[in-house]
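# Coordinates in review
These are the residues of each chain, in order.
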Amino acid sequence: MYVNVAVLKETHPHERRIALVPSVVGKLVKLGAKLHMQSGAGAAATLDDAAFKDVVSISDRTELVSDADVVLAVQPPALDVIDAMKVGGILISFIYANKEPALVQRLLDRKITCFAMERVPRITRAQAMDALSSQSALAGYYAVQLGATHLARVLPKITSAAGAIGPAKVLVMGLGVAGLEAVATAHRLGAVVEGYDVRPETAEQVVSLGATFVETDVDARGKGGYARELTAAEKAKIGAVVTKHIQQADLIITTAAIPGRPSPKLISTSQVTGMKAGAVIVDLSAEGGGNCEDTRPGETARIGHVMIVAPLNVPSLLAQDASELYAKNVAALLSLMMKDNIVTLNWDDEVLAKTVLTHAGKLHSDKSEHEAYPSNKADKTTTKTTVKAA
Ligand SMILES: NC(=O)c1ccc[n+]([C@@H]2O[C@H](COP(=O)([O-])OP(=O)(O)OC[C@H]3O[C@@H](n4cnc5c(N)ncnc54)[C@H](O)[C@@H]3O)[C@@H](O)[C@H]2O)c1
């Protein structure tokens, strides 16, 4: 007996990652997986089919998923993938349900058990499965590289016989996982770094990375370690402090986000207008509309002498490392449900219960989390679901 696991080739435009890498194959095989992947699934991440020992390549996607107990992907799969899956099969992928109503409906109709990677709880025990963090950290690093290549100046202090230059001033706005990695990277590259966030606990974190915290005296801590939206008065208070730092910066990296809301606007057009000639903003929040009023998601805009770079799906640009970490996140999640060559879904496990999006035709929505909880005693007599394997 074994668990048939199928890995999809991504079809979203510009998506280069893959949900499996050769280094995790052995771990999954030990758990009882028989691995299959769509031919060429790793090519965009520089991984040839031949690099995947013990993994069977299948070119036809329908054939690949029709016999799978578990399907792995990075981006939400196409509807025909769900149609081809076994009723009651398992899907593990990023989903972002609010953007994918048709997909969610199909998952419900086909009674697919879907674990949405963005729902992995941000708790210590689930850190190894936290794909939001692994991918954000890479994006934070890459934002500094992007900024450096768009600047017409260097980040560190450089001394030559003709005299000394620099260092550049970097301001990181939003100090979550991506922001802190950006701070660390810019500091390593020799820039003078400042950080700003509306969660006061980030002050200590940013200082421990060798940067300075821009103190605004605003505390906008929301639920679950995330920020909440600011009031008009708080925005004005912050603007009065932050404008000076925006206008002194050579490079600004913005990463601010509020769960379920469009990206908060941290930089106005008038603040951009007052920035140094040649300054660069790298907006990592472009996916949610951007942190700058002038951000054009997916494009590079020029406002006067300032360049605003707003890349989409940054982790995909680092597909090799991003796939490595994502595949490890997925393997860690699978290790919670695969044992002795079968899949057992223990709904008393907080990580599984919070990550599941759909199960047995029911939506595990945020609003009615408890009611939709699969282990709800009124709904089920057992807290375990065993998936029959091949
Ligand atoms: N396993 C764990 O315990 C774990 C793992 C990862 C993250 N976390 C925590 O989860 C939280 C969210 O991290 P994330 O990286 O997903 O954050 P995120 O992507 O939701 O937001 C990025 C940052 O933007 C900030 N922000 C929001 N509005 C802002 C504004 N108007 N001005 C300036 N900054 C603003 C937020 O405070 C946050 O630091 C953090 O508290 C982080 O420490 C915990």
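Residues numbered from 1 in each chain as written. Predicted model: local features only at pLDDT ≥ 70, side-chain atom pairs only at ≥ 80, totals over all residues. Heavy atoms only, no water.

## Examining the pairing of strand β18 (residues 356-359)
- Strand direction decides the pairing type here: strand β6 (residues 113-116) and β18, joined by two bridges, are antiparallel. Its bridge partner lying in β18, Phe115 is registered against Val356.
- Pairing geometry for β18 and strand β19 (residues 362-363), over two bridges, is antiparallel. When the bridges of β19 are listed, Thr358 appears paired with Leu363.
- Here β18 hands over to β19 after two residues, with Ala360 in that stretch at a positive phi of 50°. (Pairing = 2+ DSSP bridges. Helix = DSSP H or I, 4+ residues; strand = E, 2+ residues; numbered from the N terminus.)

## Notes on the packing of aromatic side chains
- This model, assessed by the stated rule, comprises three aromatic pairs.
- Note on Phe94 and Tyr96: the rings are 6.0 Å apart at their centroids and 15° apart in plane angle, and the pair reads as stacked.
- Judged by its relative accessible area of 7%, Phe94 falls in the buried class.
- Ring plane angle 20° and centroid distance 6.0 Å describe the contact between Phe115 and Trp347, whose orientation is recorded as stacked. Pair noted here: Phe115 is in strand β6 and Trp347 is in the loop between β17 (342-346) and α12 (350-355), with a separation of 232 residues, a long-range link.
- An aromatic cluster of at least three residues, connected via ring pairs, comprises Phe94, Tyr96 and Tyr326. (Phe/Tyr/Trp six-rings, centres within 6.5 Å; stacked < 30°, edge-to-face > 60°. Buried < 20%, exposed > 50% of the residue type's maximum accessible area, 1.4 Å probe, protein only.)

## Quick word on helix α4 (residues 101-109)
- Those residues of α4 that fall on the buried side of the exposure criterion are Leu103, Val104, Leu107 and Leu108. Seen along its axis, α4 keeps its buried residues to an arc of 140°; they face one direction.
- Residues of α4 that are buried sit in contact with α3 (79-84), β5 (90-93), β6, β18 and β19.
- Following α4 by one or two positions, Lys111 adopts a phi angle in the positive range, close to 55°. (Arc of directions from axis to C-beta. Contact = heavy atoms within 4.5 Å.)

## Overview of the environment of Gln247
- Inspection of the secondary structure puts Gln247 in helix α8 (residues 232-248).
- By relative accessible area, Gln247 is classed as partly exposed at 27%.
- As a C-alpha pair, Gln247 and Ala162 span 85 residues in sequence and 28 Å in three-dimensional space.
- Excluding residues that lie within four positions of it along the chain, Gln247 makes contacts with Ser270, Gln271, Gly274, Met275 and Lys276.

## Focus: the sheet that holds β18
- Strand order in this open sheet of eight strands is β3-β2-β1-β4-β5-β6-β18-β19, and the pairing throughout is mixed. At either margin of the open sheet sits one strand with a lone partner, and together these are β3 (55-58) and β19.
- Along the sheet face, helix α1 (residues 22-31) touches β2 (33-38) and β3 and points at about 135° away from the line of β2.
- Helix α11 (residues 319-337) contacts β4 (70-72), β5 and β6 of the sheet and is inclined by roughly 145° relative to β5. (Axes fitted to C-alpha atoms, helices over the stretch in contact; angles between N-to-C directions.)

## Comments concerning the environment of Gly304
- Checked against the element boundaries, Gly304 lands in the loop between β14 (300-303) and β15 (306-309).
- Among the residues examined, Gly304 registers a relative accessible area of 63% and is labelled exposed.
- A C-alpha to C-alpha distance of 8.0 Å links Gly304 and Ala277, two positions 27 residues apart in sequence.

## Re the packing of helix α5 (residues 131-150) against α11
- It is at 9 Å that the axes of α5 and α11 come closest, and there the two elements cross at 165°. With respect to α11, the axis of α5 lies roughly antiparallel. In the crossing of α5 with α11, the sense of the turn from one axis to the other is right-handed. When α5 is examined against α11, the residues Ala131, Ser134, Gln135 and Leu138 are found in contact with a partner set consisting of Asp321, Ala322, Leu325, Tyr326 and Asn329.
- Grouping the constituent residues of the contact of α5 with α11 by class yields five nonpolar, three polar and one charged. (Parallel < 35°, antiparallel > 145°, perpendicular 65-115°, else oblique. Left-handed = near helix turned anticlockwise from the far one by under 90°. Nonpolar A, V, L, I, M, F, W, Y, C, P; charged D, E, K, R; others polar.)

## Concerning the pairing of strand β9 (residues 169-173)
- Burial analysis of β9 places four of its five residues in the buried class, the great majority of the element.
- Across five bridges, β9 lies against strand β10 (residues 192-196) in parallel orientation. Counterpart to Val172 in the pairing with β10 is Gly195.
- In this view, the connection linking β9 to its parallel neighbour β10 by way of helix α6 (residues 177-188) has right-handed handedness.
- Sheet analysis places β9 next to strand β12 (residues 251-254), joined by four bridges and oriented parallel. Considered in β12, the bridge of Val172 is made with Ile253. (Right-handed = clockwise from strand over helix to strand, strands pointing away.)

## A look at the site of the ligand
- Of all residues adjacent to the ligand, which total 23 residues, the nearest are Arg122, Val177, Asp197, Arg199 and Gly225.
- At 3.0 Å from an oxygen atom of the ligand is found a side-chain nitrogen or oxygen belonging to Arg122.
- In the model, a nitrogen atom of the ligand is placed 3.4 Å from a nitrogen or oxygen of the Ile123 main chain.
- Protein coverage of the free-state accessible area of the ligand, which is 850 Å², stands at 84%.
- Looking at the shell around the ligand residue by residue, the class counts come to 13 nonpolar, six polar and four charged. (Near = heavy atom within 4 Å. Polar contact = N/O pair within 3.5 Å; in protein donor to acceptor, adjacent residues only side chain to side chain. Areas by Shrake-Rupley, 256 points an atom, 1.4 Å probe, with all protein chains shown as cover.)

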